[in-house]
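Take a look at the letters that make up each chain.
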Amino acid sequence: MTEDEQKQAAAKAAVDYIEDGMVVGLGTGSCAAKMVDLVGARVRAGLSITGVPTSEATATQARALGIKIVGFDAIKRLDLTIDGTDEVDGQRRLIKGGGGAHLREKIVASFSDRMIVIAEAKKQVAQLGVFKLPVEVIRFAAPALLPKMAALGCTAEMRRAANGDLFLTDEGNYIIDCDFGRINDPEALALRLSTTPGVVEHGLFIGYADIILIGTDDGVQITDA
């Protein structure tokens, strides 16, 4: 299968976990967008769910498809979140944030009973770190945090939008993309970043993913707890 077909297969398998009446976290990214399209088709066919989008882009897509969406002012828990990933290792640890939505994605996942991660085969890695680690920071702190990130042993650079301006997240923050190479101790790095003043959130998702669905040439590979 092509990468696009692998994404579609993983997305289709994930949507099969959704049941009528569920509150579902709707992820962000190319693979998640396919899932949202499939959810929209099921809603048009009679499925009744409530969606919690992880980005403004996903919210716009879901509204256009007729999916009812709400925020945390309307719900307290989610039954399920389905989201993509930039990397996943054999211990279901992830790097997310290539699209800049990892702050909302982590919040939504943390309030979900289960998180299903969908991806094409190339996203599976033996060790995290092939993909640059996104670190969301408040704008005030960014000039000081850029060299501080580099001091942790990475090549750090401010993310820029397509027009060359500094990239702004949905929450109005900046992102520092950190190239650590292979990350030997993701848990220790996650703790270090989480306790650094000015860091809002990082893209290491450890202990969030319950089920991994990977589209491969031989079908959808399922990894769960």
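Above: the structure in question.
Residues numbered from 1 in each chain as written. Predicted model: local features only at pLDDT ≥ 70, side-chain atom pairs only at ≥ 80, totals over all residues. Heavy atoms only, no water.

J.: Where do I start with the overall build of the protein in this structure?
T.: Helices and strands together make up the secondary structure of the protein, namely six helices and 13 strands. Relative to the globule expectation of 17 Å for 225 residues, the C-alpha radius of gyration of the protein, 17 Å, shows essentially globular dimensions. Along the three orthogonal principal directions, the C-alpha set of the protein runs to about 55 × 40 × 35 Å. Going through the 225 residues of the protein one by one, you find that 50% of them count as buried. Summed over all atoms, the accessible surface of the protein reaches about 10200 Å², with 50% contributed by carbon and sulfur. Taken as two groups, the 24 positive and 31 negative side-chain charges of the protein have centres that lie 3 Å from each other. (Helix = DSSP H or I, 4+ residues; strand = E, 2+ residues; numbered from the N terminus. Rg over C-alpha atoms; globule rule 2.2 N^0.38 Å. Buried < 20%, exposed > 50% of the residue type's maximum accessible area, 1.4 Å probe, protein only. Areas by Shrake-Rupley, 256 points an atom, 1.4 Å probe, with all protein chains shown as cover. Lys, Arg positive; Asp, Glu negative; His and termini not counted. Charge placed at Lys NZ, Arg CZ, Asp CG, Glu CD.)

J.: Can you help me understand the nonpolar core in this one?
T.: As a rule of thumb, nonpolar side chains are buried together in soluble globular proteins. Among the nonpolar cores identified, the biggest contains 26 residues, and Ile-18, Met-35, Ile-67 and Ile-118 are the most heavily contacted of them. Taken together, the elements giving at least two residues each to this core come down to α1 (3–15), β1 (23–26), α2 (30–44), β3 (80–83), β6 (115–120) and β12 (211–216). The greatest single-element share of this core, amounting to six residues, is contributed by α2. Dropping the residues within four chain positions of it, Ile-18 is found in contact with Val-24, Val-39, Arg-42, Leu-47, Ile-49, Leu-80 and Ile-82. Of all hydrophobic cores here, the second largest spans 22 residues; its members include Ile-95, Val-125, Ile-183 and Ala-190. (Core = buried A, V, L, I, M, F, W, Y, C linked by side-chain atoms within 4.5 Å. Contact = heavy atoms within 4.5 Å.)

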